[in-house]
Amino acid sequence: MSIESPSASFVRAVPSRRLALKTLASLTTLGGLGALGLAGCSRGDDKGAAAGGPAMVKQAGDKVAFKYPDNPSFDLIYLADQLGYFEGTNTRPQYVGKIAAPQIIPLVGTGEIDFGSRMVPLVISAIASGADLKVVAAGGKTLQEAPHMKYFVRKDSGIRTPKDLEGKTIGFNSFGACAEFVTKKYLRQHDVDVNKINFVVIPDEQAEQTLVTRNTDLAIIHAPFSGRAENADQLVRLWSDFDLDGGLGGMAPYSAHGKFIREHPEAVRDVVTALAKAGNWVNDNPEEARKLVAKRINMDLKNVDRFAYVDDLVITEPPIQYYVDILQSEGKIPAGKVAVKEVYTNEFNPYAKT
């Protein structure tokens, strides 16, 4: 499905968006799930200003600011900004403060933020619900040596097989994303009754400690924070998502709000190009990337797990079809509700072949 041509008219966001984002950034719990708000470094310059209305182009050469979360994470927007890949363009990130992970795609879908990076099933579900957004760049990929997420238990837990998890509590960073669906699919393949497992939401940066203190029995933790659990004496890694599905479910793409895409196609091209350059740089310089991220999130370098990214961030269909099939089998979306080609576009990626 192709992106519509840019509209001739622009609509300014109402002032309540600014208040809404400030309120959201201050949240410490989500929807009764016990999910704590993300914590991390904030920017001290004007990029850290709260979100205003949508970016406007008044005349040629005006800067386009796209609203983006300022979260403690391994993220290509921050790296592209730090590496100077937005220089020479008219597009710049406008960091709007910390946003809890489960809220990122809903806010992209309503235009409260312009871009966000979360897993494919969240995007598919949002589109099925009528949200106006689209995947514009592939993101992280799972390698055996660089998994998207890892599964940890306490060494004294007695948990060693999927069946051992019945009656236990699993902590992951949000419902509706990779950690839920990849895990449930794998457990069902091993005859586990997932209805006998208690799933709770724990932010990645707190999951290791929650497991150590016996509030959960298994923690699913994403990089970079999975490295800290890897080095914890009390814990042992059972699996990675590479073990579960060969990495098919590990693509963590970048999505954009549909109105921003239609009104600012050149800005979208600038962002996707910068992301692709940053992803390729990380693949070529994994240790340097770890150092930059360690500094950003204020974590000891030895505890920062590495990332790997899809080459040139060109989107392919199998990872999307994988989650369409899962969402249909789980009864989350009706069969045929969302076609794969409705979910993504490579139109703005200069490295994608026509």
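These lines cover the structure that appears in this document, whether it is placed above or below. These figures come from a predicted structure and were not determined experimentally.

Observations concerning the overall build of the protein
In step 1: A tally of helices and strands in the protein yields 13 helices and 10 strands.
In step 2: Counting over 354 residues, the protein shows a buried share of 56%.
In step 3: Residue pairs in contact within the protein that sit at least 24 positions apart in sequence constitute 82% of those at least 6 positions apart.
In step 4: Carbon and sulfur atoms provide 49% of the accessible area of the protein, an area that totals close to 14800 Å².

Section: the sheet that holds strand β4 (residues 133-140)
In step 1: Pairing is antiparallel in the open sheet, where three strands are placed in the order β3-β10-β4. Both edges of this open sheet fall to β3 (115-117) and β4, since each of them pairs with a single strand only. Shown here is a sheet whose adjacent strand axes are inclined to one another by a mean of 25°, direction ignored.
In step 2: As paired strands, β3 and strand β10 (residues 252-257) are joined by three bridges and run antiparallel to one another. Residue Ser117 lies in a different strand from β10, and its bridge partner there is Tyr254.
In step 3: Running at roughly 175° to β4, helix α4 (residues 120-128) makes contact with β4 and β10 of the sheet.

Topic: helix α6 (residues 204-212)
In step 1: The buried count for α6 comes to seven of nine residues, which makes it a mostly enclosed element.
In step 2: All of the buried residues along α6 are Asp204, Glu205, Ala207, Glu208, Thr210, Leu211 and Val212.
In step 3: Elements that come into contact with the buried residues of α6 comprise β5 (149-154), β8 (218-222), α7 (226-230) and β9 (235-240).
In step 4: One or two residues past the end of α6 sits Arg214, with phi positive at roughly 70°.

Some thoughts on the packing of aromatic side chains
Remark: the centre distance and the inter-plane angle together describe each pair of aromatic rings, the angle taken between the planes.
In step 1: Scanning the entire structure with this criterion turns up 14 aromatic pairs.
In step 2: Pairing Tyr68 with Tyr78 gives two aromatic rings, centres 5.9 Å apart and planes at 75°, and the pair type is edge-to-face. Of this pair, Tyr68 sits in strand β1 (residues 64-68) while Tyr78 sits in helix α2 (residues 76-83), and the two are 10 residues apart along the sequence.
In step 3: Here the aromatic cluster, defined as three or more aromatic residues joined through ring pairs, consists of Phe66, Tyr68, Tyr78, Phe86, Tyr95, Phe115 and Phe260.
In step 4: Between the NZ or CZ atom of Arg296 and the centre of the ring of Tyr78, over which it lies, the distance is 3.6 Å.

Some remarks on the nonpolar core
In step 1: Ile124, Leu218, Ile320 and Tyr323 are the most contacted members of the largest nonpolar core, which has 57 residues in total.
In step 2: Broken down by element, the residue count for this core peaks at seven residues, all from α4.
In step 3: When neighbours within four sequence positions are excluded, Tyr323 is seen to be in contact with Met119, Val120, Pro121, Ile124, Cys178, Phe181, Val182 and Gly249.
In step 4: Formed by 50 residues, the second largest nonpolar core is a distinct cluster that contains Val212, Ala223, Ala232 and Ala256.

A short note on the pairing of strand β6 (residues 169-172)
Within a regular strand, side chains alternate between the sheet's two faces.
In step 1: Residues Thr169 and Gly171 point to one face of β6 and Ile170 and Phe172 to the other, with burial holding for every one of them.
In step 2: Taken together, the four bridges between β6 and strand β7 (residues 198-201) define a ladder with parallel strand orientation. Bridged to Ile170 within β7 is Phe199.
In step 3: Looking at chain direction, β6 and β8 are connected through two bridges and run parallel. Note that in β8 the partner of Gly171 across the bridge is Ala219.

Thresholds applied
- Residues numbered from 1 in each chain as written.
- Predicted model: local features only at pLDDT ≥ 70, side-chain atom pairs only at ≥ 80, totals over all residues.
- Heavy atoms only, no water.
- Helix = DSSP H or I, 4+ residues; strand = E, 2+ residues; numbered from the N terminus.
- Buried < 20%, exposed > 50% of the residue type's maximum accessible area, 1.4 Å probe, protein only.
- Contact = heavy atoms within 4.5 Å.
- Areas by Shrake-Rupley, 256 points an atom, 1.4 Å probe, with all protein chains shown as cover.
- Pairing = 2+ DSSP bridges.
- Axes fitted to C-alpha atoms, helices over the stretch in contact; angles between N-to-C directions.
- Phe/Tyr/Trp six-rings, centres within 6.5 Å; stacked < 30°, edge-to-face > 60°.
- Lys NZ or Arg CZ within 6 Å of the ring centre and 35° of its normal.
- Core = buried A, V, L, I, M, F, W, Y, C linked by side-chain atoms within 4.5 Å.

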